[in-house]
Amino acid sequence: MNRFKTSKFKNTTPKIPKKDCWIGGVRAGSNNVQGNLIKSSCNFVAFNPEHGGGGMVGLASHEAAADGKWPVTYMSCHADQVTDLDFSSFDNELLATCSADETVKLWRVCGVEEQVAEPEVTLNPGEGRLELVLFHPSAGGLLAVSSSRAVQIWDITRDSALAVLEQHPDHLQSFSWKQDGSLLATSCKDKKLRIFDPRAQLTTVQSVSGLQNNRDSRVLWVRDDCFLSTGFNQVRQQEVRLWDSRKLSSSLSSVSLGTSTGILMPLFDQDSGLLVVAGKGDSVIDCYEVSSVEPFLPQVSHCLTESSNRSVALVPKLALDVGSCEVMRVLQLTENFIVPISYHVPRKAGQDFHADLYPDTMGQTAAMTAGEWWGGENKQVEKVSLHPDKRPKSSTKTASRQPAPPLAEQKSKEKSVSSSELSSGSSSMAPSRSPSSTSGLSSSCLPSPSSTASSRQLQSMLGPSSKFRHIQGNVQHRDTHITNLRGINLTTPGECDGFCSSSRHVAVPLAIAGGQIAVFEPSQPGKLPDTALPTIQNSVSVADFCWDPFNPHRLAVAGDDAKIRMWLVPEGGLTETLTEPECVLQGHTEKIYSIKFHPHASGLLASSSYDLTVRLWDLQSEKEVKKLKGHEDQIFGMAWSPDGKLLATVCKDGKVRVYDPRKSDQPIQEGPGPEGHRGARIVWVFEGKYLLVSGFDSRSERQLYLISAEAVCAGPVGNVSADVSPSTLIPFYDPDTSVVFLTGKGDTRVFSYDIVPEEPYFLECSSFNSSEPHKGFSFLPKTLCDVRDVEVARALRLSKTSIEPVAFRVPRVRKEFFQDDVFPETAIWWETSLSAASWLSGSNSQHRKISLQPKDMTPVSEAPKEAPVRKYLPSSVYLEEKTDEQKKDELLSAMVAKLGNLDENPLPQESFEGVDEDEWDD
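For clarity, every value in this text was computed on a predicted model and none was experimentally measured. (Residues numbered from 1 in each chain as written. Predicted model: local features only at pLDDT ≥ 70, side-chain atom pairs only at ≥ 80, totals over all residues. Heavy atoms only, no water.)

**Some thoughts on the side chain of Ser767**
Test applied: Only DSSP runs of H or I reaching four residues or more are called helices, and only runs of E reaching two or more are called strands; each is numbered from the N terminus. Polar contact is defined as a pair of N or O atoms within 3.5 Å, subject to the rule that within protein one atom must be able to donate a hydrogen and the other to accept it, and that residues adjacent in sequence are counted only when both atoms are side-chain atoms. For this analysis, residues touch if any pair of their heavy atoms sits within 4.5 Å.
Looking at where Ser767 falls in the secondary structure, it is placed in the loop between β60 (762-764) and β61 (768-769). In terms of polar contacts, Ser767 uses its side chain to reach the side chain of Arg749, at 3.2 Å. Setting aside residues up to four positions removed in sequence, Ser767 forms contacts with Arg246, Lys247, Arg749, Val750, Phe751 and Ser752.

**Brief notes about a nonpolar patch on the surface**
Here is the rule: Patch building starts from residues that exceed 30% relative accessible area and form no salt bridge, then joins like charges within 9 Å and nonpolar side chains (Val, Leu, Ile, Met, Phe, Trp, Tyr) within 5 Å. The accessible surface values rely on the Shrake-Rupley method and a 1.4 Å probe; as for residues, cover is taken only from the protein chains in view. Salt bridges are counted wherever a side-chain nitrogen of Lys or Arg sits within 4 Å of a carboxyl oxygen of Asp or Glu.
Together, Leu891, Leu892 and Met895 make up a nonpolar patch on the protein surface, roughly 310 Å² of accessible area in all. Counting through the fold element by element, Leu891 comes out in helix α7 (residues 884-900).

**Here we look at the sheet that holds strand β20 (residues 226-232)**
Operational definition: Strands are labelled as partners when DSSP assigns at least two bridges between them. Structural elements are reduced to axes, namely lines fitted to C-alpha atoms, with helices fitted over the stretch in contact, and the angle between N-to-C directions of any two is expressed from 0 to 180 degrees.
As summarised here, the arrangement of the four strands in space is β19-β20-β21-β22, forming an open sheet in which the pairing is antiparallel. For this open sheet the edge positions go to β19 (218-221) and β22 (253-258), each flanked by a neighbour on one side alone. Between one strand axis and the next, the sheet turns through 15° on average, direction left out of account. Pairing between β20 and strand β21 (residues 238-244): seven bridges, direction antiparallel. In the strand pairing of β21, Thr230 is matched with Val240.

**Some thoughts on the UniProt feature "repeat: WD" (unreviewed entry) in the chain**
The condition is simple: UniProt positions are given in the numbering used here, feature names are shortened, and annotations may be inferred rather than shown by experiment.
Cross-referencing UniProt, the feature "repeat: WD" (unreviewed entry) maps to residues 75-109, 165-197, 585-627 and 628-660 in the present numbering. Overall, residues 75-109 shows 0% helix and 66% strand. The separation of its end C-alpha atoms is 10 Å. The span residues 628-660 is 0% helix and 52% strand, and its two end C-alpha atoms sit 9 Å from each other.

**Things to note about the sheet that holds strand β56 (residues 716-724)**
The strand order across the open sheet formed by four strands is β53-β54-β55-β56, and the pairing between neighbours is antiparallel. At either end of the open sheet lies a strand with only one pairing partner, and these are β53 (681-685) and β56. Along the sheet, successive strands turn relative to each other by an average axial angle of 20°, direction set aside. Judged from the six bridges that link them, strand β55 (residues 701-708) and β56 form a sheet pairing that is antiparallel. Looking across to β56, one finds that Tyr705 is bridged to Asn719.

**What about the environment of Asp479?**
Counting through the fold element by element, Asp479 comes out in the loop between β33 (472-475) and β34 (482-483). Sequence-wise, Asp479 and Gly526 are 47 residues apart; in three dimensions their C-alpha atoms are separated by 6.7 Å.

Written out as structure tokens, the structure is:
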């Protein structure tokens, strides 16, 4: 399904007004800085002009004066070049600037014609020239500011940084907050994209070599877990890439824009999903729609401008003219003008409010304070309506506002809180604040006590957290691959997994007459010879096949002729072609769908068929022992319960059925399953208490459903949508971690979810992405995982020409200890003490369990507690009361030390040396 074909924004058209509506008299700066040259609030436009050596900031209003012109005024903000600026999302009058003079300043902008003499707050990060500054998207009074290589997190009511993140190895080029404010993404000249979780750790959570060129790049979070990077590819074309932060192994999509040398400047509108990309120095502005399905970045418009771009900015949603169906407004900064470019959806303008174009947008009330965010809270900003009769009256007007209390005053009040009061408060990170002093913002934008109480009740945007959320899948070294595969069967039935593996062998069907199956040895990787290999000749096309869990050399193969053949593979693999099976099971009257071995009883096999029956077979007697009925259509999948007592099926008729084969040939429970009829799979989870079903909904979207095994008739208790794709998601459930991995034949992505028995039931974790589609995925026994490297799962990936091991690891710091929280005792499922006859007579058994802990490792739960090493002072130091004399002495000591060590420690730029372009790593 192509979402772009039905998008209501697909015909969005840019409109450039007449020159009379441009803001003139602007002399835009041509300074080469990393930050923004223009930013907008609902009321004002701030830009970097070519005045006074770069220490000035220009200011204009969105509304014209009485004479129809837009007055422009200039503020002297810094002693050196202004490198970046940003307006607060929660206060239209609060402007932050950073500079090469190593300071960040916050200004109260009350009007274009009112000169601002002094900043309300000045911050001194002390890391040299500052490059970027950005307000937090949900916490008031919280800033991220960067120098050339490091990002600092600041509460504007404090004198010291809350956190100083790990330094980048090369020049930091951009950073961006995730919409919920939990993560920070950065791009660096070393061609890497990094993701930080500042409250969890100061080092990177994830990183990827996502940039192909070391020229200037930008990064920008868009929707959910996706973010964009802009830069240049290997042939020096401008490029936009879309990434999923949960699977950074490869980008979701990329768009090449041309061979221009202009640095790309991206802007994103959260409500419409429209992305604007403009190149610095180019005379074109492109618009795309960020979609959740392919094509991920369909182009919407291509706008040619009269003058070249110096920079661009997005006007906040609350300032748009909804009556004319204006869905986005971009401000283009040129050499002499600020040009407003409006993006309209072709609709009949009038009195009607088009609610489908204008969902509720982020309001201007902070969801929490900086201290609350730093203390671990996650709250979403309350949304407001864009309907003219419902929107906040103060969102675009300033005339009726009362003067705001200066931030410096509020900062002083914050510091007057005693140490005893801080220690007795609810958070050790920040003092308690009354609503009137929250975040040090203007009183006109502060929440009332009632709205503050309601915002505290908003559910966290992140929800429950999984310890497996950052799980990483990596293809193992090429030395472990089996390569030069030829003639693989790419058209196996939908009920078949495509290939299967045991602890000893891998079976792969071939596209050769006679239903031939190749058997490979994972312990013998390398390139296969070009000559023909010995195979299993099944004589008919393969419908499904699987290895006996209690005999890794026995392979069961179901054929199109309604027969099941059992094959024994010699130790060490095939040395000659096998033509005679160990035994043949006959009984079905039509083609077989799938086969499954019993998890406890040796020699007991279940099979489903087009004759709408499920039959159980005793391999020792080579006879059918049970026939289950009750299906009314094609059986998509079946699964034994962990204790082996029950068998569940999912059917094309949209029903999930549970059987107790020893008591009845009819289902003991029946309930609704997936609505779609394209295919489905089923697996038991939580020790048999729930059923997990993967399938399709009525719109052909791939879905996961969680059903209580005790109340199948009640239907799913929870579900989650994966994506849109024609292949059925095949689940592998790890009972030790409760993580389920899912992928389809022909997919490039492996989803992973941490399943929990209460809402929200599905905690999405990072996904694994491959560069080419895989033909199948088969997971290996847990005992093959490298627990020393915190490897929680290992699988084999079948591509068109190779078999590649893939390791799934959980990032941990103290790897010298055994991570017993992710490695509980695991079942010895390859051992059995029960025969098929014993099970049929009513006997049951349970698997023994063993520990995966190596003898020379200590469990992390018993490891000595170590104080975390931080690169910044603890919060107690930030909150320590210091006298003015103490501060003055510290400042003088620092200045003297810096001057005294100048010869001994030269500035970093003095040691920089140029390198040839071919010396950079590709």
